[in-house]
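Tertiary structure, described
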Amino acid sequence: MTIEDRVRDATRAEADRVEVDPEAWTRIQAGVGRRRRTQRRRTALVAAAVALVVGGGLAVAVHARGDDSGVVRAGPGPTTDTAPSTATTVPGSVAEIYADPRGTGVWPFTDHNQVLAYVTDPGDRTFYAPDKTALAFAKQYLHMPDPYIVGSGVSRPFGATGAVVRPSHDSKVQTRISLLNLGADGPFTVTGATTDDIVIDRPQPGALVTTPVKVSGRSVAFEAAIAVEVRLAGQLSGESTTLLGGSTQLGPFSGEIPYNASGGGPGAVVFYVRSAKDGSVVEAAVVPVLFPADTRPLPSP
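Here the structure is a predicted model, which means the values were calculated and not measured.

**Re the overall build of the protein chain**
Counting its regular elements, the protein chain contains 5 helices and 13 strands. Split into buried and exposed, the 301 residues of the protein chain put 38% on the buried side. Pairs at least 24 residues apart make up 57% of the contacts formed inside the protein chain by residues separated by at least 6 positions. Carbon together with sulfur atoms contributes 56% to the accessible area of the protein chain, which is approximately 17700 Å² in total.

The structure is reproduced here in structure tokens:
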């Protein structure tokens, strides 16, 4: 008998000793059926969840609007009469920063709807770079003639950073622009600006103000004059007002700045120093504030 014959006989003998369970196939089929039903239920649940997310995103995108120039206008987002949410937010996240519909940013984003609309269609992604955001703010919001960056901070996810700008290459005057990173790598929004030549005592950042806005601080400028104006939703509200501080060193200033507004929301009080040469803006301080829907003067404390 050859080795192959011995192996064949041994295999047959082992097979004869194996007892086949007549119910095994039935149990296998039943198990496969259960897995298929579970998988179908999971697929259905996932599909429903995706539909809810997509539907919610589309709803937000419908409400979020920008202006014709492609730059998102600042303004309060839409509100709905819904039951309060019990969901928690991650500290420092976009959901927490913009949980208040009045917003906290100055430009270009002041509420979560504007952020979501931009993330959906970021165009050339200008506001995903802190330096480009600061330059755009200096040009479009502060109206500096030819600003450029001379320094910038480290950008961290959901963290504050900043950039230092000069109004032109032949100027040494600097404005420090504060920025907030709204994600892991942007987009960024401006939260204010400071300069050594304008020190603001009033209003404080985030203050609730009404017309006329009471301002005070110290400044030094050509002929001691600084310009002050109120911006509501990124737009000039009322007229610029000239106040006098110091001409050779920091001197005190104070005044009341009237504004015209319909509805409340986020805004800013902007303080300018203008060039003695051509009247262009050379430096600025920007204080973020909130305006109530009712613009009548607030009662005295």
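**Looking at the sheet that holds strand E5 (residues 198-202)**
An order of E5-E7-E11 is seen for the 3 strands of this open sheet, with the pairing classed as antiparallel. Since the sheet does not close on itself, it has two edges, and those belong to E5 and strand E11 (251-257), each with one partner. Between one strand and the next, the sheet's axes are offset by a mean angle of 25°, whatever the strand orientation. Pairing of E5 with strand E7 (residues 213-219), which is carried by 4 bridges, proceeds in the antiparallel orientation. Bridge pairing in E7 links Ile198 to Ser219.

**A closer look at the side chain of Arg231**
Here Arg231 is to be found in strand E8 (residues 225-232). With relative accessibility at 5%, the residue Arg231 sits in the buried group. At a separation of 2.7 Å, a polar atom in the side chain of Arg231 contacts the side chain of Glu229. At 2.7 Å, the side chain of Arg231 forms a polar contact with the side chain of Tyr272. Once you skip the residues sitting within four places of it in the chain, Arg231 turns out to touch Tyr141, His143, Leu236, Gly267, Ala268, Val270, Tyr272 and Phe291.

**Quick notes on helix H5 (residues 130-141)**
In this model, H5 (12 residues) spans 15 Å end to end at C-alpha, consistent with the 16 Å of a helix rising 1.5 Å per residue. Listing the buried residues of H5 in full gives Thr133, Ala134, Ala136, Phe137, Ala138 and Tyr141. His143 sits one or two residues past H5 and shows a positive phi near 65°.

**Side note on the pattern of salt bridges**
Enumeration according to the criterion identifies 2 salt bridges in this entry. Ionic pairing is found between Asp196 and Arg176, a salt bridge with its closest N-O pair at 3.1 Å. Here the residue Asp196 occupies a position in the loop between strand E4 (188-194) and E5, and Arg176 occupies one in strand E3 (residues 175-181), the gap between them amounting to 20 residues. Taking relative accessible area as the criterion, Asp196 reaches 54% and is therefore assigned exposed.

**Quick look at the side chain of Ser171**
With respect to the secondary-structure elements, Ser171 resides in the loop between strand E2 (160-166) and E3. Here the side chain of Ser171 touches Val173 through a polar contact of 3.2 Å, landing on its backbone nitrogen. Ignoring any residue separated from it by four or fewer positions in sequence, one finds Ser171 in contact with Tyr148 and Arg166.

**As for the nonpolar core**
Judged by nonpolar contacts, the single largest core of 30 residues is most densely connected at Phe137, Tyr141, Leu142, Ile177 and Val286. The set of elements that each furnish at least two residues to this core consists of helix H4 (112-120), H5, E2, E3, E4, strand E12 (265-274) and strand E13 (281-291). Sorting elements by how many residues they give to this core places H5 first, with 5 residues. Those residues in contact with Phe137 that sit more than four places away from it in its chain are Val106, Trp107, Leu142, Ile177, Val190, Ala193 and Val286. Residues Ile200, Val213, Ala221 and Val287 belong to the second largest nonpolar core, which totals 22 residues.

**Things to note about the packing of aromatic side chains**
Applying the stated criterion across every chain, the model contains 9 aromatic pairs. Centre to centre, the rings of Trp107 and Phe137 are 6.0 Å apart; their planes meet at 50°, and the pair counts as tilted. Residue Trp107 is found in the loop between helix H3 (94-97) and H4, and its partner Phe137 is found in helix H5; the two are separated by 30 residues along the sequence. What makes Trp107 buried here is its relative accessible area of 8%. Given the relative accessible area of 0%, Phe137 is considered buried. A centroid spacing of 6.0 Å and a plane angle of 50° characterise the contact between Phe253 and Phe271, whose relative ring orientation is tilted. Of this pair, Phe253 sits in strand E11 while Phe271 sits in strand E12, placing them 18 residues apart in sequence. The class of Phe253 is buried, set by a relative accessible area of 4%. Of the aromatic side chains, those joined through ring pairs into one cluster are Trp107, Phe109, Tyr118, Phe127, Tyr128, Phe137 and Tyr141. In this arrangement the basic side chain of Arg231 is found over the ring face of Tyr141, its NZ or CZ atom lying 4.3 Å from the centre.

How each quantity is defined
Residues numbered from 1 in each chain as written. Predicted model: local features only at pLDDT ≥ 70, side-chain atom pairs only at ≥ 80, totals over all residues. Heavy atoms only, no water. Helix = DSSP H or I, 4+ residues; strand = E, 2+ residues; numbered from the N terminus. Buried < 20%, exposed > 50% of the residue type's maximum accessible area, 1.4 Å probe, protein only. Contact = heavy atoms within 4.5 Å. Areas by Shrake-Rupley, 256 points an atom, 1.4 Å probe, with all protein chains shown as cover. Pairing = 2+ DSSP bridges. Axes fitted to C-alpha atoms, helices over the stretch in contact; angles between N-to-C directions. Polar contact = N/O pair within 3.5 Å; in protein donor to acceptor, adjacent residues only side chain to side chain. Expected span 1.5 Å × (residues − 1). Salt bridge = Lys/Arg side-chain N within 4 Å of Asp/Glu carboxyl O. Core = buried A, V, L, I, M, F, W, Y, C linked by side-chain atoms within 4.5 Å. Phe/Tyr/Trp six-rings, centres within 6.5 Å; stacked < 30°, edge-to-face > 60°. Lys NZ or Arg CZ within 6 Å of the ring centre and 35° of its normal.

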